[in-house]
Amino acid sequence: GDVVTCFNWGVEEGLVDRCPYQRPRSLRGQRNKVRRPADPREYIQLMRFGSRSLRRSLFAMRRTGIRTCEMRALCWSPAKRPGFEPTAWVVLDHETPHLFFARHKTFRFTGKPKIVGLDAAMVRFLRNLKRQRQHDHAFVFVNCEGGPWTCDTFARNLRRCAIRLGLDEGVEDRVSGACWRHTYVVDGIEANVSTCKIADQLGHVSTRMIDERYGSHTREMIEHKGRVANEITSGRVRKRAAVKPGE
């Protein structure tokens, strides 16, 4: 995947004509490793014993489905500062509070900003966090020292906390920031939210990723399939009840 990413970047920049890499024969037919959603037990333990800065970040990612990089870039205001231009900020004074991302992962495909809606609990959380803020920092989520999160510092903080709580399960199944994004999507699928709406909230250009990657978790859940069977049966009952006798 890293090799393909490098060559695709070269194609976009016009350095090469095409990606010459092909999947090795030994790997053909094998399914790529899909990142997993976080287990509720893991979330409870991290929220109970993690640092305050870590808990705030995890709560926001679980409630909104934003990426770790988007959480780190989120600012309180779009106002520019010397040597700093925000790319994402919180909009709480709007009729519909939301998160605004001027630059995001799929911007080069859509050319449009990304808007993430907020539920009532997330709006209250952000307003309280802004009211309790004791520093004049532009970023919404900061580390334990009051500075902005970086990719390495957040990953190390989460990693150390997971190991201390006995949640580490190896390299492939470890708890990571991406787990909360997967949790958000799986919760939406189980709540019967359409994949089109979920894709709009996540900023995806299509529902393909939702169906192929995120949906693979619910397809393997027995409880989910049981709920689907009950919904189909309920739909049949309602359909028969709507048909009048003699028709």
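As the structure is a computational prediction, the values presented were derived from the model and not from experiment.

(A) Highlighting the environment of Ala-155. Relative to the helices and strands, Ala-155 is located in helix α7 (residues 151-164). For the pair Ala-155 and Gly-177, spaced 22 residues apart in sequence, the C-alpha separation works out to 7.4 Å.

(B) Fine view of the packing of helix α8 (residues 178-190) against helix α9 (residues 195-202). Taken N-terminus to C-terminus, the directions of α8 and α9 make an angle of 155°; their axes are 10 Å apart at the nearest point. Between α8 and α9, the interaxial angle falls into the category roughly antiparallel. Two packed elements cross with a definite hand, and for α8 against α9 that hand is right-handed. Touching Arg-181, Tyr-184, Val-185, Gly-188 and Ile-189 of α8 are Ile-198, Gln-201 and Leu-202, all from α9.

(C) Representation of the sheet that holds strand β1 (residues 74-75) in the model. Sheet architecture is open: four strands sit in the order β1-β2-β3-β4, paired in mixed fashion. The open sheet is flanked by β1 and β4 (114-117), the only strands paired with a single partner. Inspection of the sheet shows strand β2 (residues 88-91) paired to strand β3 (residues 98-101) by four bridges, in the antiparallel sense. Looking across to β3, one finds that Ala-88 is bridged to Phe-101.

(D) A look at the packing of aromatic side chains. Applying the stated criterion to the full structure yields six aromatic pairs. Centre to centre, the rings of Phe-59 and Phe-125 are 4.8 Å apart; their planes meet at 55°, and the pair counts as tilted. Of this pair, Phe-59 sits in helix α3 (residues 52-64) while Phe-125 is found in helix α6 (residues 120-132), placing the two residues 66 residues apart along the sequence. Judged by relative accessible area, which is 18%, Phe-59 ranks as buried. A relative accessible area of 17% means that Phe-125 is categorised as buried. Taken together, the ring pairs connect Phe-59, Phe-125 and Phe-141 into an aromatic cluster. The lysine or arginine in question, Arg-62, covers the ring of Tyr-43, its NZ or CZ lying 4.4 Å from the ring centre.

(E) Fine view of the state of the cysteines. According to the stated counting rule, one finds zero disulfides in the structure shown. Left unpaired, Cys-6 is separated from the closest cysteine sulfur, that of Cys-19, by 9.7 Å. Look at Cys-6 and you get exposed, because its relative accessible area is 51%.

(F) The arrangement of the pairing of β2 in detail. Here β2 shows two buried faces, one formed by Ala-88 and Val-90 and the other by Trp-89 and Val-91. Where β1 meets β2, two bridges bridge the pair, whose relative direction is parallel. Pairing of Leu-74 across the sheet is with Ala-88, part of β2.

(G) Representation of a nonpolar patch on the surface. A cluster of nonpolar side chains, namely Trp-9, Val-11, Leu-15 and Val-16, defines an oily patch on the protein surface of about 370 Å² accessible area. Residue placement: Val-16 occurs in the loop between α1 (2-12) and α2 (40-49).

(H) Fine view of the environment of Leu-202. As for its position among the elements, Leu-202 is in helix α9. A residue is classified by how much of its surface remains accessible, and Leu-202, at 0% relative accessible area, is buried. Non-local contacts of Leu-202, meaning those with residues more than four positions away in its chain, are made with Gly-65, Arg-67, Lys-114, Arg-181, Tyr-184, Val-185 and Ile-210.

(I) The environment of Trp-180, seen in detail. Position of Trp-180 among the secondary structure elements: in helix α8. For Trp-180, a relative accessible area of 0% translates into the label buried. For the pair Trp-180 and Met-61, spaced 119 residues apart in sequence, the C-alpha separation works out to 6.0 Å. Contact partners of Trp-180, with chain neighbours within four places excluded, come to Ala-38, Tyr-43, Leu-46, Leu-58, Met-61, Arg-62, Leu-158 and Val-175.

(J) The arrangement of unusual backbone geometry in detail. We note that Asn-192 has phi near 65°; this positive angle belongs to a residue other than glycine. According to the relative accessible area criterion, Asn-192 is exposed, its value standing at 52%.

Reading the values: the criteria
- Residues numbered from 1 in each chain as written.
- Predicted model: local features only at pLDDT ≥ 70, side-chain atom pairs only at ≥ 80, totals over all residues.
- Heavy atoms only, no water.
- Helix = DSSP H or I, 4+ residues; strand = E, 2+ residues; numbered from the N terminus.
- Axes fitted to C-alpha atoms, helices over the stretch in contact; angles between N-to-C directions.
- Parallel < 35°, antiparallel > 145°, perpendicular 65-115°, else oblique.
- Left-handed = near helix turned anticlockwise from the far one by under 90°.
- Contact = heavy atoms within 4.5 Å.
- Pairing = 2+ DSSP bridges.
- Phe/Tyr/Trp six-rings, centres within 6.5 Å; stacked < 30°, edge-to-face > 60°.
- Buried < 20%, exposed > 50% of the residue type's maximum accessible area, 1.4 Å probe, protein only.
- Lys NZ or Arg CZ within 6 Å of the ring centre and 35° of its normal.
- Disulfide = S-S within 2.5 Å.
- Patch = residues over 30% accessible without salt bridge, like charges linked within 9 Å, V, L, I, M, F, W, Y side chains within 5 Å.
- Areas by Shrake-Rupley, 256 points an atom, 1.4 Å probe, with all protein chains shown as cover.
- Salt bridge = Lys/Arg side-chain N within 4 Å of Asp/Glu carboxyl O.

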